Amino acid sequence: MSKKQKEILEIIKTFIKENGYSPTIREICRIANIKSTASVHAHIKKLKAEGHITSGVDMPRSIALTKKAKSVKFVVNAIALMCTEDKEYILLQENKNKHTNESIFELPSGVVKESENVYEYLRCKLKANGFEVTKIFGENKCNELSYEEQIFTVFKPFCVSQNYNDNNLIISNTILCEVDSANYCNKGHLKWICTDDLRAMLVDHHENISAHNIAALKLFCNL
């Protein structure tokens with residue numbers, strides 16, 4: 001796939017995501033700054049031949065993405081721990097189920113960009129919510145390697161999982177860390193949950209935990 005074809009494919013994906021329907025050839029010309037509609041038609045034909053998109057014959061806004069044209073999201077989840085007195089707490093984000101209004105708990109998370117260091121992203125994400133990371137388990141085994149002017153970060157997460165969501169491949173890396181106990185308080189949707197209560201929730205009320213995090217939390221709780 002040429003650089004221009006990649007650009008056009010990204011334009012189509014972004015346009016559909018933002019508008020709910022596909023762009024016309026002239027709209028692609030405008031966004032890609034291409035004067036010739038014939039050139040765009042040629043790129044579209046190539047993308048169809050390679051199986052990235054489909055489209056109807058002489059039908060406006062008929063371009064559709066195929067399953068081959070999926071995106072990959074690299075997600076970092078934090079199992080952030082804090083010990084106070086004789087108890088251990090884990091930081092969870094509380095959301096409400098739209099239909100039942102029941103609480104759904106999930107790990108603090110975010111999508112990492114290609115240029116970001118995983119551990120630095122984790123620190124910044126938690127610090128933005130008022131929590132100082134004091135230890136990241138496995139960070140001492142992290143290495144940065146240089147090869148042909150590229151930097152490769154080798155890190156060891158607590159666990160890795162993958163799933164498909166709306167034709168996107170999501171790679172979730174769960175990292176175990178400790179945060180400063182001086183910040184022990186409930187901040188907005190972020191709640192401190194005792195790990196004993198979390199264990200009971202996983203056994204008796206797992207429907208109140210995000211499906212994306214159940215496997216990692218069960219592994220953490222030795223269930």
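Residues numbered from 1 in each chain as written. Predicted model: local features only at pLDDT ≥ 70, side-chain atom pairs only at ≥ 80, totals over all residues. Heavy atoms only, no water.

A. Region of the structure containing the nonpolar core. Counting 22 residues, the largest nonpolar core has Leu122, Leu126 and Val179 as the members making the most contacts within it. If you list the elements that add at least two residues to this core, you get β3 (71-84), β4 (87-96), α4 (118-127), β7 (133-136), β11 (168-179) and β12 (190-194). The element best represented in this core is α4, accounting for five residues. Excluding residues within four positions of it along the chain, Leu126 makes contact with Ala78, Ala80, Leu91, Phe131, Val133, Cys177 and Val179. Core analysis: the next-biggest nonpolar cluster, separate from the first, contains 16 residues, Ile90, Leu107, Leu176 and Leu198 among them. (Core = buried A, V, L, I, M, F, W, Y, C linked by side-chain atoms within 4.5 Å. Buried < 20%, exposed > 50% of the residue type's maximum accessible area, 1.4 Å probe, protein only. Helix = DSSP H or I, 4+ residues; strand = E, 2+ residues; numbered from the N terminus. Contact = heavy atoms within 4.5 Å.)

B. Structural context of the environment of Lys4. Turning to its location among the elements, Lys4 is positioned in helix α1 (residues 3-19). Taking C-alpha positions, Lys4 is 7.9 Å from His43, a pair spaced 39 residues apart along the chain.

C. Representation of helix α3 (residues 37-49) in the model. Counted at 1.5 Å a residue, the expected span for α3 with its 13 residues is 18 Å, and the 18 Å between its end C-alpha atoms agrees. All buried positions along α3 are accounted for by Val40, His43, Ile44 and Leu47. Buried residues of α3, seen end-on, are gathered within an arc of 100° and therefore sit on one face of the element. For α3, exposure combined with an orientation more than 90 degrees from the buried face picks out Ala38, Lys45 and Ala49. On its buried face, α3 sits against α1, α2 (25-32) and β1 (53-54). Measuring from the backbone nitrogen of Ala38 back to the side-chain oxygen at the start of α3 gives 3.2 Å, which picks out Ser36 as the cap. (Expected span 1.5 Å × (residues − 1). Arc of directions from axis to C-beta. Polar contact = N/O pair within 3.5 Å; in protein donor to acceptor, adjacent residues only side chain to side chain.)

D. Fine view of the packing of α2 against α3. In contact at an axis separation of 9 Å, α2 and α3 are set at 100° when each is read in the N-to-C sense. Looking at the two axes, α2 sits roughly perpendicular to α3. Packed against α2, whose contacting residues are Ile25, Arg26, Ile28 and Cys29, the element α3 presents Thr37, Val40, His41 and Ile44 at the interface. Of the residues belonging to the contact of α2 with α3, the class tally is five nonpolar, two polar and one charged. (Axes fitted to C-alpha atoms, helices over the stretch in contact; angles between N-to-C directions. Parallel < 35°, antiparallel > 145°, perpendicular 65-115°, else oblique. Nonpolar A, V, L, I, M, F, W, Y, C, P; charged D, E, K, R; others polar.)

E. Layout of the packing of aromatic side chains. Scanning all chains against the criterion turns up five aromatic pairs. Geometrically, the ring pair formed by Phe131 and Trp192 is edge-to-face, given 5.7 Å between the ring centres and 90° between the ring planes. Here Trp192 lies in strand β12 and Phe131 lies in the loop between α4 and β7, a separation of 61 residues in the sequence. On the basis of relative accessibility, which here comes to 0%, the residue Phe131 falls in the buried class. By way of ring pairs, the aromatic residues Phe74, Tyr119 and Phe155 are connected into one cluster. (Phe/Tyr/Trp six-rings, centres within 6.5 Å; stacked < 30°, edge-to-face > 60°.)

F. Structural detail: unusual backbone geometry. Residues other than glycine seldom take positive phi values, yet Asn33 does so here, at roughly 60°. The topology assignment puts Asn33 in the loop between α2 and α3.

G. Region of interest: the pairing of β4. For β3 and β4, the ladder comprises four bridges, and the chain directions are antiparallel. Note on β4: the bridge partner recorded for Cys83 is Glu88. Counting the residues between successive antiparallel strands, the hairpin from β3 to β4 contains two residues, one of them, Glu85, with a positive phi of roughly 55°. With five bridges connecting them, β4 and β12 associate as antiparallel partners. Looking at β12, one finds that Ile90 is bridged to Ile193. Here four bridges tie β4 to strand β5 (residues 103-106), and the two strands are oriented antiparallel to one another. Looking at β5, one finds that Lys96 is bridged to Ser103. Connecting β4 to the antiparallel partner β5 that follows it, the hairpin turn spans six residues, and Asn101 within it adopts a positive phi of roughly 65°. (Pairing = 2+ DSSP bridges.)

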